[in-house]
Structures are given as C-alpha cells and as structure tokens.
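The lines below spell out each chain.
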Amino acid sequence: MAIVEQENPLLEGLALRRTPDPCAMVIFGASGDLAHRKIFPALYSLLYRRLLPEHFGVIGVARTEGDDDQFREDMKEAVKKYGRDEFRDDVWEKLAEGMRWVTADFADEGGEDRIIEALNELDETRGTRGNRVYYLAVPPSAFEMIVEAMGKRRSTEGWTRLIVEKPFGYDLHSARELNALLTRYFEEREIFRIDHYLGKETVQNVLALRFANGIFEPIWNRQFIDHVQITVAETIGIEGRAAYYEKAGAIRDIFQNHLLQLLALTAMEPPIDFTADSVRNEKVKVLKAMHTPGPKSVVRGQYGRGFIEGVEVSGYREEPGVAPDSMTETFVAAKLYVDSWRWADTPFYVRMGKRLARRETTIAIQFKAAPHPPFEETQEEGLRPNVLLVHVQPDEGVSLAIGAKMPGQGMRIRTVHMDFLYGGAFRTGMPEAYERLILDCLVGDQTLFTRADEIEEQWLLVDTIVAAWQRDRPAFPNYAAGTWGPPSSDALIRRDGREWRRT
Ligand code: BG6
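Let me sum up the structure you'll find in this document.

**A short note on the environment of C441**
Next up, step 1: Following the sequence through the fold, C441 ends up in helix α12 (residues 433-443).
Next up, step 2: Residues C441 and I163 lie 278 residues apart in sequence; the distance between their C-alpha atoms is 7.8 Å.
Next up, step 3: Those residues within four positions of C441 in sequence are excluded, and the remaining contacts are V133, R161, I163, F192 and F449.

Below is the structure:
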C-alpha cells in the first residue's frame, strides 16, 4: 500500500499564525550556552520555515571581545551542531546578514549607547522599525543593570518586549523584587518569562487532550481519578553547572517551574478561551488552591556513585565545584493536594531528579478501579485500573491502559495499551520549545509564558517546603545514580497503599 504523505498539521498551525512585525532582537549573554544550543538553532529553524519577519536583525551582546564576523561564524557552527534542520547556506546567510555584535559590560558606562547605535543602524538598514525584543540570557545578577539601562532608553517608536530566562528569583522575596524591577520599566504585557516546558508540544497537548475531546473532561475529577503521578526524571547529572545547581537544587531547578506548570495544566479548570489571561488565570487558581504539604509529604535525595547505562558515574558531592559535604538535593518527591471541588482528597504524587534510572517526563492519570468486575476467572494482575499516560518526553505521545480479554478459553484479562505516538501520527520532527516561544514573543502572545502572580504563587509553595527542610539533615547521599531515588520516596507513596509507576 502506498503511503500517503500527510500534510504536517503542526506546521499548518504555525503557518496560520500572525506574521511577526519587523523587529530587532538583542540577546544579552550571546556568548553563552543558551544562545548556542537553543536560541540560534531556534532562530534558524524559524527562518527555515519562513516564520521570521522579512525585516529582522539580531544583536549579540556579551562582555567577551568579538566582532560581527566572529559572531556569525560562532553561531553558524552552533546551528550546524545543535540545529534540527538541514543546514542550508542560503537560509543561514539571510539570518547572518542581520547579525551584529556589541561588546558591552554593563558595569561600565557606555555599553547601552553602543547597543542603541546598533539598533538604530538595524532600523535604517534592515527596516526593523523601532520594534525591540530584549532577551535576558544572562545570570540573574546581571538582570538589574541591563533592565535599568535598556528600560531608561526605550525606543519611542514601535513596541518593546523583554524575554527573561529562568531562574526567576531564588525565593518569593527575590521574585517579588525582580517583578518590581521589571515593572518599573516594562508593562506586564511586555514581559515574557520563559518556562521552556510550556513550549514543548506534548505539554501543550495536555490542553488539547483535555479540552479538544469531549470524553475526558467529565471524568477528569476526584470521582473517577484515584491519583495523579508526575515524573520528571533525568539521567544526566549537573553537567558542569555546580555554581548554579548548588544554590538551586532540584526544588528550584525543576519543581518550582516545570513540575508545577505540568501540575497546573493537568489540574486547571477549562479556560473560557485560549487567550493568555484566561489560561493563566486558571493556572493561578490551581496554584493558589495548593495545600501546603506537611514535612512527611516531601522527601529529598542526593545521588551517590552509581551506573548510568552501564557506565560508572560519580556522586553529586564528587562533581567539580560541589562542596564535599553539600546538602543540595538532586531529587524531590512529594504528595501534593489541590484543594478544590474537582480535586479534594486526590493526591498528586510528583517526583523529579538527576541521575535517575531513565530519562522520562510523564503525567499519569490513574483512574479508580472498576467498582465490581463481574468475571469469575480473573487474574489479579489483570485487574489493574485504567491509566492515561501522557509521555511528555521521550517517545512523545499518549497511551491509555485498558483491560482486555486474553485470547482463549475463559475470561482472563490483561492490561494492553492504546497508543498515540507523535512520530507515527504526524510524521514530522517536533519543533523545539524555543522555536515556539520565540515566535510567540515576536507576535506578542503571552499564553505560554509565566505571569508575575503565577511565579509568585510557585515560590510561595517552594518557600514553605524549603523552610521545613531547615529542621532536619538527611544522610546524603541517599540514592545511587541510576536508581529511582531514595527509599523514602517509595515509602512516601507506599504509605498510601500505592506504587510509583515503573513502566
Ligand atoms: C532546565 C534545568 O530548566 O531544564 C536543567 O535547569 C534540566 O537542570 C532541564 O536538565 C531539562 O529540560 P529538558 O527540556 O531536557 O527536559
């Protein structure tokens, strides 16, 4: 049978979108990892699909000495290395023509003048019309100087938008201060706080699954759902980011942002429409309704030596830059509750960690068991309740576990899976989260960006958890790399007569 080439519906969606206005993007921290691995490959892929504006320019800003040509060469290599599309010189040249480099250290005066000069030049030569995107891909310690310098010299023509990378604050207090700083110079509608999980196709698919299908919403509540499990498991360690990770730990690195966003999307009420504020209002309601977990409902871990895919890896305390007696957690598991009519008494078990047994981000909706199976000849393992499993990554897709009759005499039931796999259904590469997020910012759509009140609610919860941690000192390391975390994580869920999913 001939395979009929399907149109790519994801691309179709993108093509229907508003084309961005002409604009210039200034990337602060352009010599950094993010610019190489994510931002430039994303810009290239957008241009490859003709989704960038015709009149576009990018100014790279960093303290390191450089010039336009070096910047172009450097990013060309990065796109070749990290990009998801074939490298085409003609596409690259188009992007490269609008690239400028400015060496600037915000600690000394004058850096912003050179940036403004470069922006004015782009307005003239590339027709970017005074529209600006300032992208803060720098450590938080540099935010203030940049925001003040650029905020004071806003362009009088066109629009200005600001993209802020995580970490957004260290706790509620610092997040509030940062919000106050940003709103001194920019309006909330101009601020785009990145949580790259929201740019992932499969994360957005949680919304499609719930609200584009009539069959799930009526059973998406405490009456039918026993509990929810959310797992963000990584096999990688901290990859040379000790300075950052030692202060952040798993709770600030993953729980405060990606994990709580996954939970909010799973638990939120249907928004009245898909405008940025309607969606974010519903997410904030979930975060506000979250019950403060007691100390017994949160466990933490730190990895020791172990094996990942057969290769021995060192323990966290042996990683370069990590204190030999570090108490930073690399794993968190928790039982959380959303106090609402929909979810009262329904636990959300969440776990996240580095150096775990497998890379897997999943949301498992565990339904209640059938009230009364009428079959006599059943087998215990055959009576597992239904699970709707959203595979955020890898093997992106959704699978529904149902009981089915095994062929043969009698009525033996076994769990089978109805699977939807992105790769199979759409036969297309998945766009990178950064493509979606950058384009959304260029068209001014904030739906997939975190609002100030949302961030603050997330920190409020984290602060209460972290405060309780001051009282005890777990015996770290307490799990071996390549396992599923410390025994206390299993104990947390077993106390309730449940188990973490292992498949
Ligand atoms: C980042 C964290 O936000 O997300 C990293 O700082 C983590 O520690 C990463 O590895 C995971 O992202 P992804 O897209 O690989 O799941």
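**Digging into unusual backbone geometry**
Next up, step 1: The omega torsion across K166 and P167 is 5 degrees, close enough to zero to call that bond cis.
Next up, step 2: The residue P167 is located in the loop between β5 (160-164) and α7 (172-185) in this model.
Next up, step 3: Between F476 and P477 the backbone carries a cis peptide bond, its omega angle lying at -10 degrees.
Next up, step 4: Although it is not a glycine, R129 adopts a positive phi angle of roughly 55 degrees.
Next up, step 5: You can see R129 is positioned in the loop between α5 (111-126) and β4 (132-136).

**What to know about helix α10 (residues 276-288)**
Next up, step 1: Taking 1.5 Å of rise per residue, 13 residues should cover 18 Å, and α10 covers 18 Å from first to last C-alpha, within 8% of that figure.
Next up, step 2: Three or more residues of α10 are buried, namely A276, S278, V279, R280, E282, K283, V284, V286 and L287.
Next up, step 3: Buried positions along α10 lie against α9 (242-267) and α13 (452-469).

**Some remarks on the nonpolar core**
Most often, soluble globular proteins keep nonpolar side chains buried together rather than apart.
Next up, step 1: Counting residues in hydrophobic clusters, the biggest one holds 146 residues, and the most contacted among them are F28, F40, L43 and F255.
Next up, step 2: Among the elements that make up this core, the one with the highest residue count is α9 (13 residues).
Next up, step 3: Non-local contacts of F28, meaning those with residues more than four positions away in its chain, are made with V61, F106, I115, Y134, Y135, L136, A137, V138, I146 and M150.

**A short note on the sheet that holds β5**
Next up, step 1: Strand order in the open sheet formed by six strands is β3-β2-β1-β4-β5-β6, with parallel pairing between adjacent strands. Looking along the sheet, the strands with just one partner apiece sit at the ends: β3 (99-103) and β6 (191-193). When the angles between neighbouring strand axes are averaged without regard to direction, this sheet yields 20 degrees.
Next up, step 2: In the packing of helix α6 (residues 143-152) onto the sheet, the strands contacted are β1 (23-28), β4 and β5, and the crossing angle to β4 comes to about 165 degrees.

**Section: the packing of α9 against α10**
Next up, step 1: Closest axis-to-axis distance for the α9/α10 pair is 9 Å, and the angle between their directions is 105 degrees. Of the possible angle classes, the one that applies to α9 and α10 is roughly perpendicular. Facing α9, whose interface residues are L260, Q261, L263, A264, L265 and A267, α10 presents K283, V286 and L287.
Next up, step 2: Residues of the contact of α9 with α10, tallied by class, amount to seven nonpolar, one polar and one charged.

**Here's the deal with the side chain of Q261**
Next up, step 1: For Q261, the location among the structural elements is in helix α9.
Next up, step 2: Assessed through its relative accessible area of 1%, Q261 is described here as buried.
Next up, step 3: Here the side chain of Q261 touches E454 through a polar contact of 3.0 Å, side chain to side chain.
Next up, step 4: Among residues more than four places away in sequence, those in contact with Q261 are D195, L198, K283, T450, E454 and Q458.

**Focus on the pattern of salt bridges**
Next up, step 1: Under the counting rule described, the total for this entry stands at 40 salt bridges.
Next up, step 2: Here R210 ties to E217 by a salt bridge, and the two come within 2.9 Å at their closest N and O atoms.
Next up, step 3: E217 sits in the buried class, given a relative accessible area of 17%.
Next up, step 4: Counted as one network, the salt bridges with shared partners bring together K166, E234, R241, D253 and K354.

Rules used in this analysis
Residues numbered from 1 in each chain as written. Predicted model: local features only at pLDDT ≥ 70, side-chain atom pairs only at ≥ 80, totals over all residues. Heavy atoms only, no water. Helix = DSSP H or I, 4+ residues; strand = E, 2+ residues; numbered from the N terminus. Contact = heavy atoms within 4.5 Å. Expected span 1.5 Å × (residues − 1). Buried < 20%, exposed > 50% of the residue type's maximum accessible area, 1.4 Å probe, protein only. Core = buried A, V, L, I, M, F, W, Y, C linked by side-chain atoms within 4.5 Å. Pairing = 2+ DSSP bridges. Axes fitted to C-alpha atoms, helices over the stretch in contact; angles between N-to-C directions. Parallel < 35°, antiparallel > 145°, perpendicular 65-115°, else oblique. Nonpolar A, V, L, I, M, F, W, Y, C, P; charged D, E, K, R; others polar. Polar contact = N/O pair within 3.5 Å; in protein donor to acceptor, adjacent residues only side chain to side chain. Salt bridge = Lys/Arg side-chain N within 4 Å of Asp/Glu carboxyl O.

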